[in-house]
Amino acid sequence: MAMWMTCTESKAQLYKAGHKIMQESSSSSAAASGIASKKQADLQAQYNSYKSTLQQLAQKIGELESEGDEHKLVLETLQPLPGSRKCFRMIGGVLVERTVAEVIPALETNAKGVESVLQQLVKEYKKTEEDMKKWQTKNKVQVVQGP
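Residues numbered from 1 in each chain as written. Predicted model: local features only at pLDDT ≥ 70, side-chain atom pairs only at ≥ 80, totals over all residues. Heavy atoms only, no water.

Per an unreviewed UniProt entry, the protein chain carries the name Prefoldin subunit 2 and comes from Lipomyces starkeyi NRRL Y-11557. As recorded by UniProt, the Sequence similarities (unreviewed entry) comment attached to the protein chain reads in full: "Belongs to the prefoldin subunit beta family." (UniProt positions renumbered as here; feature names shortened; annotations may be inferred.)

Participant: Teacher, can you tell me more about the packing of aromatic side chains here?
Facilitator: To describe a pair of aromatic rings, one takes the distance between the centres and the angle between the planes. Applying the stated criterion across every chain yields a total of one aromatic pair. A ring pair is formed by Y50 and W135, whose centres lie 5.6 Å apart and whose planes are at 50°; its orientation type is tilted. In this pair, Y50 sits in helix α1 (residues 2–78) while W135 sits in helix α2 (residues 100–138), placing the two residues 85 residues apart along the sequence. Judged on exposure class, the residue Y50 and its partner W135 are both buried. (Phe/Tyr/Trp six-rings, centres within 6.5 Å; stacked < 30°, edge-to-face > 60°. Helix = DSSP H or I, 4+ residues; strand = E, 2+ residues; numbered from the N terminus. Buried < 20%, exposed > 50% of the residue type's maximum accessible area, 1.4 Å probe, protein only.)

Participant: Where do I start with the UniProt feature "coiled-coil region" (unreviewed entry) in the protein chain in this structure?
Facilitator: Here, the residues flagged by UniProt with the feature "coiled-coil region" (unreviewed entry) are residues 40–67 and 111–138. The distance from the first to the last C-alpha atom of residues 40–67 is 41 Å, and the span holds 100% helix and 0% strand. Taken end to end, residues 111–138 is 100% helix and 0% strand, and its two terminal C-alpha atoms sit 40 Å from one another.

Participant: Explanation requested: the pattern of salt bridges in the structure shown.
Facilitator: Opposite charge on two side chains permits them to pair, given that their charged atoms come into close proximity. Inspection of the entire model under this criterion finds five salt bridges. In this structure, the salt-bridge partner of K38 is D42, at a minimum N-O distance of 3.6 Å. With K38 and D42 both in helix α1, this residue pair falls four residues apart, about one helical turn. Since its relative accessible area comes to 53%, K38 is described here as exposed. (Salt bridge = Lys/Arg side-chain N within 4 Å of Asp/Glu carboxyl O.)

Participant: Teacher, can you tell me more about the side chain of Q136 here?
Facilitator: On the secondary structure map, Q136 appears in helix α2. Residues contacting Q136, with those up to four places away along its chain left out, are Y47, V141 and V143. (Contact = heavy atoms within 4.5 Å.)

Participant: Can you help me understand a negative patch on the surface in this one?
Facilitator: A cluster of acidic residues, E65, E67, D69, E70 and E115, forms a negative patch on the protein surface. Considering every element that reaches the negative patch, the biggest residue donor is α1, with four residues. Note that E115 resides in helix α2. (Patch = residues over 30% accessible without salt bridge, like charges linked within 9 Å, V, L, I, M, F, W, Y side chains within 5 Å. Areas by Shrake-Rupley, 256 points an atom, 1.4 Å probe, with all protein chains shown as cover. Lys, Arg positive; Asp, Glu negative; His and termini not counted. Charge placed at Lys NZ, Arg CZ, Asp CG, Glu CD.)

Participant: Help me understand the layout of surface pockets in this model?
Facilitator: Rolled over the atoms, a probe sized like a water molecule indicates the empty space that remains. By volume, the largest pocket is sized at about 190 Å³. Together, Q40, L43, Q44, Y47, W135, V141, Q142, V143, V144 and Q145 line the largest pocket. Of all the elements, α1 adds the most residues to the lining of the largest pocket, at four residues. (1 Å grid on protein atoms, 1.4 Å probe; cavity = no way out; pocket = protein on both sides within 12 Å on 5 of 7 lines; lining within 4 Å. Points joined across faces, edges and corners; volume = space filled by probe spheres on them.)

Quick look at the structure:
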């Protein structure tokens, strides 16, 4: 009879130990899923940050391309005109009377500046895009499009 109690006690101890292990395992899996969901949220935030940055850069590039086109159009219009001819230029919201000879050099300088900034932004866009691709590969991120 003593042996039977020992077996029963052993079974009870084993049951308690197994139940305890199952609880620890489920709590650790819950913690792991919490960590996984936190990591997923961090990855989503980083992805959104990259996309936002790329969108802002693309918008600024579009604005500068438009401004550069305007500068070229005005330069093409003013080039054949005599240097003494009057023209008007908007400076800080104020319309100022100048001559073609005075406006063309300033306009050329501005056009070169716009082109320079545009090239820098394109380089920055490409670098950010490359960084995003490397980040996606490193973190095994795949973009899933919704319906």
